[in-house]
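Summary of structural features
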Amino acid sequence: MERYFDEELAGLKNDILRMGGLVENAIIDSVDGLKRLSIPAAEKVIVMDKAIDEFELKIDETCLDLLALRQPVALDLRFITMAMKISTDLERMADLAVDIAQRVLELAGQPLLKPLEDIPALTELSQQMIRDVLDAFVKEDVALAKSVILRDTEADALRDAVQSELINEYISKNTSTIPRAVPLLLIARHLERICDHATNIAEDIIYMVEAKVVKHHSEKLRDEH
Amino acid sequence: MDKQIRMKAENVDFYYGKTHALKKINMDIYANQVTAIIGPSGCGKSTFIRLLNRMNELIPHSIFSGRVFLDCNNIFSPVVDPVEIRRRIGMVFQKPNPFPKSIFENIAYGLQVNGIKDKSFIEHKVVESLKKAALWAEVEKRLHASALALSGGQQQRLCIARALAVEPEVILFDEPCASLDPISTAKIEELILELKKSYTIVIVTHNMQQAARVSDYTAFFLLGELIEFDKTQNIFTAPKDKRTEAYITGRFG
């Protein structure tokens, strides 16, 4: 039987995707700002964050209304409750893009400490993870969601590589590099946190589709792999 | 609330003998929206919906005061014909009440009573009404079978088709799913959501979840008073009155 409720659920899904698209752009713009040390690019990310915050509020309100008015059960219930959690993760990701933009503002006006290597790789990875996790959400693709979770260790490794290089090669050898090294160190951490949020979303998608809890058990997924 | 108002109750009081069943009710009913009326037994909700097409006049020893408008016309004005009002404002009851006649005749009857004799027009209307009531596919091959052979849910959709045949503007539903199973209930609810595109709908229901699912506006009645009227969304997520909150969360009494 066709249900009017399905149209409402499709609208909710659409909002999550649109919000996800804005978050993806915020991250691209923040790192673009870093590559070019561009103040306008960084400021754009900070301004755009308002639209993302509004999406989060709108999605939360829709979810509350649907819970109260439609009394969802089973897949419908899992979809709506996970949509609430996903919008929270997306909003945090956007906040991290703002954090990156603020680091760019700190760095602007002076030459970069060193050519960027691992940070662009980490950016590429985080973008791919977001794109895939949104795709997994649309297609309810558990295998793709799992692949996102498995990539989280790569993000950790890249962040560690950035940290140890900056600490061992610059900060510990010459403390005057600290003002230019610390923002880079933080950016690597922000990007890695973005990947963590993509991982959270992937876990929520698996719960949504299969009603299986994989949170805090990612080692099991790795073993399966 | 910038929606167009289709019906309006103004200072409506109603007594059954000495019992004051409705107390100064003021309420708007918006066009092409579903308005649900909820409240505990005896709160006046059925009394109120029956006033909306002058069914209360059939109750002995009752006293009514106030005004009820359909668009700009007071339906209780002495110059208004109650039969015409009940054509424009149809009603579907709690228990499906088809006539002990064929499916076809059940729908044709209302048209014939309204003086329509053109056979091909009547046939056209029967088919159209059954389609609008989402019953056509199930009965098209047995239009001349007895309506009493249909299931409860089908009988209820037949009653809806019968109401639609005379081209009403407003449809009143008084507990339309009270005697139906969950699947038949879901079908009626989907039908109500479809019908609101063309009609204005008022539904009285004991089932709060049903009010939440199908309505755009909800009115909460208690002891003959209209306690709260708002968008359904607001009533079920953040009601303003403590009594509404207590009732919808099941903390009542």
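These figures come from a predicted structure and were not determined experimentally. Numbering of residues begins from 1 in every chain and follows the order in which that chain's sequence is written. The lettering of chains begins at A and the numbering of ligands begins at 1, in the order of writing. Given that this is a predicted model, residues contribute local features only at a pLDDT of at least 70 and side-chain atom pairs are listed and counted only at 80 or more, while totals for whole chains, interfaces and linings are drawn from all residues. The side-chain figures draw on all heavy atoms in the structure; neither hydrogens nor water molecules are used.

Take the nonpolar core next. By convention a nonpolar core is built from buried Ala, Val, Leu, Ile, Met, Phe, Trp, Tyr and Cys residues, the set being connected through side-chain atoms within 4.5 Å. Summary of the burial criterion: residues with accessible area below 20% of their type's maximum are buried, those above 50% are exposed, and those between are partly exposed, where the area comes from a 1.4 Å probe applied to protein chains only. Counting residues in hydrophobic clusters, the biggest one holds 69 residues, and the most contacted among them are Leu12(A), Ile80(A), Leu90(A), Met93(A), Leu191(A), Ile194(A) and Ile205(A). Numbering of helices and strands runs from the N terminus, with a helix taken as a DSSP run of H or I at least four residues long and a strand as a DSSP run of E at least two residues long. Sorting the residues of this core by element identifies helix 1 (4–36), helix 2 (39–70), helix 3 (74–107), helix 4 (118–139), helix 5 (142–150), helix 6 (152–171) and helix 7 (178–210) of chain A as the ones contributing at least two each. Residue contacts are counted whenever heavy atoms from the two residues lie within 4.5 Å of one another. With sequence-adjacent residues up to four places away left out, Leu90(A) is seen in contact with Ile16(A), Met19(A), Gly20(A), Val23(A) and Ile201(A). In this structure, Leu69(A), Val126(B), Phe173(B) and Tyr247(B) belong to the second largest nonpolar core, which totals 49 residues.

What follows deals with helix 7 of chain A. Note that an α-helix has 3.6 residues per turn; residues three or four places apart therefore point the same way. Helices are assigned an expected span. That span is 1.5 Å times one less than the residue count. Taking 1.5 Å per residue as the helical rise, helix 7 of chain A with its 33 residues ought to reach 48 Å, and the 48 Å between its terminal C-alpha atoms agrees with that figure. Among the residues trailing helix 7 of chain A, Ala211(A) stands out with phi positive, at a value near 60 degrees.

Residues and elements named next belong to chain B. Under the 1.5 Å per step criterion, the end-to-end length of helix 4 (residues 119–132) is 20 Å for 14 residues, consistent within 8% with the ideal 20 Å. All of the buried residues along helix 4 are Ile122, Lys125, Val126, Ser129 and Leu130. What you see down the axis of helix 4 is that its buried residues fit within an arc of 125 degrees, all on one side. Residues of helix 4 that are exposed and angled more than 90 degrees away from the buried face: Ser120 and Lys131. Packed against the buried residues of helix 4 are helix 3 (103–113), helix 5 (136–139) and helix 6 (152–165). Distance and chemistry together define a polar contact, namely a pair of N or O atoms within 3.5 Å, with one atom able to donate a hydrogen and the other to accept it when in protein, and with adjacent residues in sequence counting only for side-chain atoms on both sides. The distance from a side-chain oxygen at the start of helix 4 to the backbone nitrogen of Ser120 is 3.1 Å, and the residue carrying that oxygen is Asp118. Think of the arc as the fan of directions from the helix axis to the C-beta atoms.

Quick look at the pairing of strand 6 (residues 89–92) of chain B now. Residue and element names in this part refer to chain B. Burial along strand 6 is two-sided: Ile89 and Met91 facing one way and Gly90 and Val92 facing the other are all buried. Any two strands are treated as partners once DSSP identifies two or more bridges connecting them. Note that strand 6 and strand 7 (residues 170–174) share four bridges and pair parallel. Following the sheet pairing, Ile89 is matched in strand 7 by Val170.

Residues and elements named next belong to chain B. Taken across its five residues, strand 3 (residues 34–38) has five buried, putting it largely inside the fold. Side-chain alternation along strand 3 places Val34, Ala36 and Ile38 on one buried face and Thr35 and Ile37 on a second face that is also buried. Looking at chain direction, strand 3 and strand 9 (residues 217–222) are connected through four bridges and run parallel. In the sheet register, Ile38 faces strand 9, and the bridge partner there is Phe220.

Moving on: a nonpolar patch on the surface. On the surface, Ile178(A), Val182(A) and Leu186(A) cluster together into a nonpolar patch covering about 190 Å² of accessible area. Note that Leu186(A) resides in helix 7. Residues form patches when they are more than 30% accessible in relative terms and have no salt bridge. Like charges link within 9 Å. Nonpolar side chains (Val, Leu, Ile, Met, Phe, Trp, Tyr) link within 5 Å. Residue-level accessible areas treat just the shown protein chains as cover; the underlying method is Shrake-Rupley with a 1.4 Å probe. Salt bridge, as applied in this entry: a Lys or Arg side-chain nitrogen positioned within 4 Å of an Asp or Glu carboxyl oxygen.

Put simply, an interface is often sized by how much accessible area is lost when its parts join up. Taken together, the 13 residues of chain B in the interface contact 11 residues of chain A. As a working definition, buried area equals the accessible area (1.4 Å probe) given up by two parts on being put together, with both sides summed. Buried surface at the junction of chain B and chain A, summed over both partners, amounts to about 1000 Å²; 58% is from carbon and sulfur atoms. Per-residue buried area on chain B facing chain A is highest for Glu190(B), Arg213(B) and Gln233(B); these three make up 46% of the total on that side. Where chain B packs against chain A, one counts zero salt bridges. At the boundary of chain B and chain A, one finds nine residue pairs in polar contact (both at pLDDT 80 or more). Those elements giving two or more residues to the side of chain B that touches chain A turn out to be helix 7 (182–195), helix 8 (208–214) and helix 9 (232–237) of chain B. Element by element, the count of residues in the side of chain B that touches chain A is highest for helix 7 of chain B, at five residues.

So, about the environment of Val113(B). Residues and elements named next belong to chain B. Along the polypeptide, Val113 turns up in helix 3. With relative accessibility at 54%, the residue Val113 sits in the exposed group. Taking the C-alpha atoms as reference points, Val113 and Val166, 53 residues apart in sequence, are found 9.8 Å from one another.

For this analysis, a ring pair means two rings from Phe, Tyr or Trp (six-membered ring only for Trp) whose centres lie within 6.5 Å, classed as stacked if their planes differ by under 30 degrees, edge-to-face if by over 60, and tilted for the remaining angles. Counted under the stated rule, the structure contains eight aromatic pairs over all chains. On the numbers, 5.0 Å between centres and 20 degrees between planes, the contact of Phe220(B) with Tyr247(B) is stacked. Taken together, the residues Phe220(B) in strand 9 and Tyr247(B) in helix 10 (residues 242–248) connect sequence positions 27 residues apart. Looking at Phe220(B), the relative accessible area reads 0%, which means it is buried. Among the aromatic residues, those joined into a cluster by ring pairs are Tyr30(B), Tyr217(B) and Phe229(B). For a ring to carry a charge above it, either NZ of a lysine or CZ of an arginine must fall within 6 Å of the ring centroid while also lying within 35 degrees of the normal to the ring plane. Across from the ring centre of Phe137(A), 6.0 Å away, lies the NZ or CZ of Lys13(A), which sits over that ring.

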